[in-house]
Amino acid sequence: MFQRNIIRRRRETPLRGWSRPACPFDMFAGVAEHMPPESSVEEIIRNYSPHLSPNTREAPSTSELRKILLIAAEDMLEAYLRKCRTRRILENQSGGGSTSPNRQDEYAVVDTVLVKLFARSEKTKDLYALLQEPHYIVLPEVETMLVENGQYNALCELHRQMGSHDKLLEIWAKLIDGEWSDEDISDPVGAMVVYLHNLNERPDKSATYTQLTQKWALWLMHEKRVPKEGLKLLISSRSSPTRTSGRRHQNNKSISNPDSDANLDAEDKNLLFGIREINPTAALQYMEYLILQRGSKARDIHMEYATACIDELMGYLQGEEGIEKLWRAKASSYFSSSSSLSSSSSTSPAVTSSTPLPFISYFASTTPDSPSKRARLKTLLFLQASGLYDVSVVKERILSASDGPSKPTKGKHKPLLSLELAVLESKLGNHRAVLECLVREVGDGVSAEAYCTGNNGPGSNGGRQVIPTRLCRSIAENTEGLGNWKSVVIATTKEASEEKGVANGTLLRMLLEVYMSIGDAEKQHSSRIDQEQVQQVQVARLLNSQGVHLDVCDVIQTLPSSWPLHLLSSFITRSCRRTLHTSHEGQILKMVSLAENWDVKERTWSVLREEGFVVEEATDGGDDIKGGEVENIVLNEKIALSPSDPPPVDGLNKFSYELASAYCTDEDFEGGIVMSRGKEGRSEIVILYHSCNFTYLQ
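Heads up: these notes are all about the structure in this document. These numbers were taken from a predicted model, which means no experiment stands behind them. (Residues numbered from 1 in each chain as written. Predicted model: local features only at pLDDT ≥ 70, side-chain atom pairs only at ≥ 80, totals over all residues. Heavy atoms only, no water.)

### Section: the environment of Ala329
Working step 1: If you trace the backbone, Ala329 turns up in helix α14 (residues 321–344).
Working step 2: Since its relative accessible area comes to 44%, Ala329 is described here as partly exposed.
Working step 3: Each C-alpha atom of the pair Ala329 and Leu416 lies 9.8 Å from the other, and the pair is 87 residues apart in sequence. (Helix = DSSP H or I, 4+ residues; strand = E, 2+ residues; numbered from the N terminus. Buried < 20%, exposed > 50% of the residue type's maximum accessible area, 1.4 Å probe, protein only.)

Below, the structure written as structure tokens:
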């Protein structure tokens, strides 16, 4: 029997071109002496080959024999290694398997050589089956062999199992760029995105995983790859809980931690800088994410986004002639339709025509869906919602747009982008410029009236909006691609003035003046429509809808005397009716107060007679003080007035006069009225004079 001894030695790899494993293994004593002295199977085959001319390596018959013997050797080795794995699996199932380091080294040799055999002989199914079972494969030993034989899917699976994230992503990157190809990996982009997303969502995610996700997200955002998927990955890495440890989201509102906001803003700006170098379009989308979802209040980001939006609009107008023609046609059609609607209603004594849509609603509903349409609507919504960009710079950028350095066309797109300019003018508080843009350039009287009757809060523009919030929400909901703009409220950090803005009545009078000044501006749009007739109907519609804020005398003096009376009959009738109603209401209140005063007087007269009152006054010089006592002078209201006393004023009764004269000075007692009302079972008499206010309660 052989005596079992441990012999540590290195064996050559049995097949040509394979590196030698550096792991020792056990061998029975006496076996080594019977092992072939050759270092490899190829050497054994070479010694076995007969001698043929010119030599055994170049002779066709010996070359073919060598190939057959190598295949046979591989088959025998594969069969033996399969039996070893089968025996190991059975031992593990029965519980008799060994997990000692020496046996693990042996398992590693078996599994590693099997992988090489499968890869070399293109037994892909057997290779995948081996990878799905527990194994001890040495990855560095098989990596080169798998690459040389194009087994990239098997290599990806090994890297995934070993946790080699960088190498796994590098393989997918080469597959995406077309440097490598593997039929078993049909969608390397999807595999990379899913893998990075899973890394980003792991509970034990560290900063390393986040950096890895952002690195490959930026790589995917290249224009030649998939920038959309890369942006999604980047946004998910920024919005995950571990990245936003300083803020939590509740009901779409963020509660910020001041200590972490500065760091987050710095990271966002660094990422934005990297995206801008790779893909400017993706940078615009990332800024939109920062503003809408992260609620960034960085002025430089808002300014850059506003500038990028304007540049994008100018790019569409200057780069594609069809878009400019379409937008001009839409503007002309809207102006003509609003004028036609006004003209058709002029034949009726009362203006009863339906109110036209605002221009932005007309543009959104009638323009075919396209990137240029979405870009313009998005620009309008942002310019209206944000107050953190430099309005003057953005306005000048629109006015100074040009087709090229040698063809300056300052103001060329002003009529076309008049709505954008109206929004900017409203931010600057230039109300007349806003109304002129809306009425003269756009023909949008609906938005002009809504602007005049909007909020009148603090600040230069009183919180007024050219595009109201409800209209912004409606446009975002009904336009594809603008879902993130549904409930956008971008807070501004500008310090608002405590003074109120311009009153609604003042703005409506200003709008009336703009309507009256319409003439030459509208002739550019349509020469077939009677401009004076359109002007009359527009003014009549304004007076009928907003007449409560206008003074009838000022309006009559402003309008020309040649205008027909039936256009103003409704406004004048309503104004006179309101004036008469106010007058009658005041008379009714006065008589009700007088009746209540008489009723209270009758109910309190007897009580006041019985109560009486005492007035204590100190005489000059103290002559009336006797023995340290003050003389009490009792005045009873039952005593009649002396002839020298002044008569009651304005018909006041005797009781009211005596009661008022006791508490008011001669300078105060110049006239007034008495008002009273019942209050919780008590009677209240209020006597009001110019500077005397006395209340008696019982």
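We are not done yet, so read on.
### Comments concerning the packing of helix α19 (residues 431–442) against helix α22 (residues 504–516)
Working step 1: Contact geometry of α19 with α22 gives a least axis separation of 10 Å together with a crossing angle of 45 degrees. Relative to α22, the element α19 is oriented oblique. Of the two possible hands of crossing, α19 and α22 adopt the one that is right-handed. For the pair α19 and α22, contact is made by His431, Arg432, Leu435, Glu436 and Val439 and by Leu507, Met510, Leu511, Glu513, Val514 and Tyr515, respectively.
Working step 2: Within the contact of α19 with α22, the residues separate by chemical class into seven nonpolar, one polar and three charged. (Axes fitted to C-alpha atoms, helices over the stretch in contact; angles between N-to-C directions. Parallel < 35°, antiparallel > 145°, perpendicular 65-115°, else oblique. Left-handed = near helix turned anticlockwise from the far one by under 90°. Contact = heavy atoms within 4.5 Å. Nonpolar A, V, L, I, M, F, W, Y, C, P; charged D, E, K, R; others polar.)

### Section: the side chain of Asp444
Working step 1: Take Asp444: it is sitting in the loop between α19 and α20 (445–452).
Working step 2: There is a polar contact of 3.2 Å between the side chain of Asp444 and the side chain of Tyr334.
Working step 3: Polar contacts involving the side chain of Asp444 include one to the side chain of Ser447, which spans 2.5 Å. (Polar contact = N/O pair within 3.5 Å; in protein donor to acceptor, adjacent residues only side chain to side chain.)

### A closer look at the pattern of salt bridges
Working step 1: In the structure shown here, the tally under the stated rule is 27 salt bridges.
Working step 2: Close ionic contact of Arg160 with Glu157 constitutes a salt bridge, the shortest N to O distance being 3.8 Å. Of the two residues, Arg160 and Glu157 are both situated in helix α6 (residues 152–162); the distance of three residues between them amounts to about one turn of the helix.
Working step 3: Residue Arg160 is classed as partly exposed on the basis of its relative accessible area of 39%.
Working step 4: Overall, Glu157 belongs to the partly exposed group, its relative accessible area being 22%.
Working step 5: Taken together, the shared-partner salt bridges in this structure form one network comprising Glu78, Arg82, Lys123 and Asp126. (Salt bridge = Lys/Arg side-chain N within 4 Å of Asp/Glu carboxyl O.)

### Describing the packing of helix α8 (residues 188–200) against helix α9 (residues 207–220)
Working step 1: Where α8 meets α9, the closest approach of the two axes is 9 Å, and the angle between their N-to-C directions is 155 degrees. Relative to α9, the element α8 is oriented roughly antiparallel. Considering how the two elements wind past one another, α8 and α9 form a crossing that is left-handed. Seen from α8, the contacting residues are Met192, Val193, Leu196, Leu199 and Asn200; seen from α9, they are Tyr209, Leu212, Thr213, Trp216, Trp219 and Leu220.
Working step 2: Grouping the amino acids of the contact of α8 with α9 by side-chain chemistry returns nine nonpolar, two polar and no charged.

### Details of helix α17 (residues 391–399)
Working step 1: Within α17, the full set of buried residues consists of Val391, Val394, Ile398 and Leu399. With its buried residues spanning 135 degrees around the axis, α17 presents them on a single face.
Working step 2: One side-chain oxygen of the residue at the start of α17 lies 3.2 Å from the amide nitrogen of Ser392, identifying that residue as Asp390. (Arc of directions from axis to C-beta.)

### Here's the deal with unusual backbone geometry
Working step 1: For Glu122, which is not glycine, the phi torsion reads 60 degrees and is therefore positive.
Working step 2: Structurally, Glu122 is set in the loop between α3 (101–120) and α4 (124–132).

### Quick look at helix α21 (residues 469–478)
Working step 1: Those residues of α21 that fall on the buried side of the exposure criterion are Leu471, Cys472, Ile475 and Ala476. Down the axis of α21, the buried side of the element spans an arc of 135 degrees, and every buried residue falls inside it. Projecting away from the buried face of α21 at angles above 90 degrees are the exposed residues Arg470 and Asn478.

### Some thoughts on the nonpolar core
Working step 1: Among the nonpolar cores identified, the biggest contains 134 residues, and Trp172, Met192, Tyr286, Leu383, Tyr389, Val466 and Trp485 are the most heavily contacted of them.
Working step 2: The leading source of residues in this core is helix α13 (residues 299–319), at 10 residues.
Working step 3: In this structure Tyr286 touches Leu231, Leu234, Ile235, Arg238, Asp268, Leu271, Leu272 and Ile275, once residues within four positions along its chain are discounted. (Core = buried A, V, L, I, M, F, W, Y, C linked by side-chain atoms within 4.5 Å.)

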